[in-house]
Amino acid sequence: MVILDPESNIPLYMQLRTQIIESIVRGNLSKGDTLPSVRGLAGDLGINMHTVNKSYHELEAKGIIEIVPKKGAVIIADTEKGPSKKQREDITEELRPAVAEALVHGMKEEDLHQLISDIILKVKEV
């Protein structure tokens, strides 16, 4: 179930992308599952089709889904195998600014480790 917050500072396409990723982590979606059509999901959520389309294309660029003509968006992420070298580099590139920001605000390394552990637990919550 996807719940978007239009009042959030986080763009809707990013909220949707994150919720799909978290659904995979929790096991609600798994490799081989097909996501709803762009049109169908946009209608269900009451958002623009371009918003869903942008989310799906970002998920595809990250190697999480594959958009197959006439079939839709299929989950290809495998939570059992580790990330490829490229995926690890991409994740590092995305995390680096957040880690630097935490450090510049005086967060201690052990507090940052704890924060990441807390986030992992929250993402895995069912």
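Residues numbered from 1 in each chain as written. Predicted model: local features only at pLDDT ≥ 70, side-chain atom pairs only at ≥ 80, totals over all residues. Heavy atoms only, no water.

1. Describing unusual backbone geometry
Across residues other than glycine, the phi torsion is negative in most instances, and most of the peptide bonds are trans.
Argument step 1. With a phi close to 70°, Lys70 is a non-glycine residue in the positive phi region.
Argument step 2. Residue placement: Lys70 occurs in the loop between β1 (65–68) and β2 (72–75). (Helix = DSSP H or I, 4+ residues; strand = E, 2+ residues; numbered from the N terminus.)

2. Remarks on the pattern of salt bridges
Argument step 1. Inspection of the entire model under this criterion finds four salt bridges.
Argument step 2. For Glu58, the salt bridge identified is with Arg17, shortest N-O distance 2.4 Å. Taken together, the residues Glu58 in helix α3 (residues 49–61) and Arg17 in helix α1 (residues 12–26) connect sequence positions 41 residues apart.
Argument step 3. On the basis of relative accessibility, which here comes to 22%, the residue Glu58 falls in the partly exposed class. (Salt bridge = Lys/Arg side-chain N within 4 Å of Asp/Glu carboxyl O. Buried < 20%, exposed > 50% of the residue type's maximum accessible area, 1.4 Å probe, protein only.)

3. As for the packing of α1 against α3
Argument step 1. Between α1 and α3, the shortest axis-to-axis distance is 8 Å and the interhelical angle comes to 50°. As judged from the angle between their axes, α1 and α3 are oblique. For the pair α1 and α3, the crossing hand works out as right-handed. For the pair α1 and α3, contact is made by Leu12, Tyr13, Leu16, Arg17, Ile20 and Ile21 and by Thr51, Val52, Lys54, Ser55, Tyr56, Glu58 and Leu59, respectively.
Argument step 2. When its residues are assigned to classes, the contact of α1 with α3 shows eight nonpolar, two polar and three charged. (Axes fitted to C-alpha atoms, helices over the stretch in contact; angles between N-to-C directions. Parallel < 35°, antiparallel > 145°, perpendicular 65-115°, else oblique. Left-handed = near helix turned anticlockwise from the far one by under 90°. Contact = heavy atoms within 4.5 Å. Nonpolar A, V, L, I, M, F, W, Y, C, P; charged D, E, K, R; others polar.)

4. Considering the nonpolar core
Argument step 1. Ile20, Leu35, Val52, Tyr56 and Ile65 are the most contacted members of the largest nonpolar core, which has 16 residues in total.
Argument step 2. When residues of this core are traced back to their parent elements, those giving at least two are α1, α2 (38–45), α3 and β2. (Core = buried A, V, L, I, M, F, W, Y, C linked by side-chain atoms within 4.5 Å.)

5. Quick notes on the pairing of β1
Argument step 1. Relative to β2, β1 is paired through four bridges, and the arrangement is antiparallel. Bridge pairing in β2 links Ile67 to Ala73.
Argument step 2. Linking two consecutive strands that pair antiparallel, namely β1 and β2, is a turn of three residues; a positive phi of about 70° is found at Lys70 within it. (Pairing = 2+ DSSP bridges.)

6. Here we look at α3
Given 3.6 residues per helical turn, the α-helix brings residues three or four places apart onto the same face.
Argument step 1. The terminal C-alpha atoms of α3 lie 18 Å apart, and with 13 residues this matches the ideal 18 Å at 1.5 Å per residue to within 8%.
Argument step 2. Residues of α3 that are buried in the fold lie against α1, α2, β1 and β2.
Argument step 3. Residue Asn48 occupies the N-cap position of α3, its side-chain oxygen lying 2.7 Å from the main-chain nitrogen of His50.
Argument step 4. In the stretch just after α3, Gly63 is the one whose phi turns positive, near 75°. (Expected span 1.5 Å × (residues − 1). Polar contact = N/O pair within 3.5 Å; in protein donor to acceptor, adjacent residues only side chain to side chain.)

7. What about the packing of aromatic side chains?
Argument step 1. Inspection of the entire model under this criterion finds zero aromatic pairs.
Argument step 2. The cationic tip of Lys54 hangs over the ring face of Tyr13; the distance from NZ or CZ to the ring centre is 4.1 Å. (Phe/Tyr/Trp six-rings, centres within 6.5 Å; stacked < 30°, edge-to-face > 60°. Lys NZ or Arg CZ within 6 Å of the ring centre and 35° of its normal.)

8. Side note on helix α4 (residues 85–104)
Argument step 1. For α4, built from 20 residues, the straight-helix expectation of 28 Å at 1.5 Å per residue is met to within 8% by its first-to-last C-alpha distance of 28 Å.
Argument step 2. The largest bend along α4 measures about 30° and falls at Leu95, with the proline Pro97 one to four residues further on.
Argument step 3. Of the residues flanking the end of α4, it is Gly106, one or two places downstream, whose phi is positive at about 90°. (Bend = angle between axes of the 7 residues up to and from the residue.)

9. A word on the side chain of Thr51
Argument step 1. You can see Thr51 is positioned in helix α3.
Argument step 2. On the basis of relative accessible area, Thr51 is assigned to the buried category, the value being 17%.
Argument step 3. Excluding residues that lie within four positions of it along the chain, Thr51 makes contacts with Leu12 and Tyr13.

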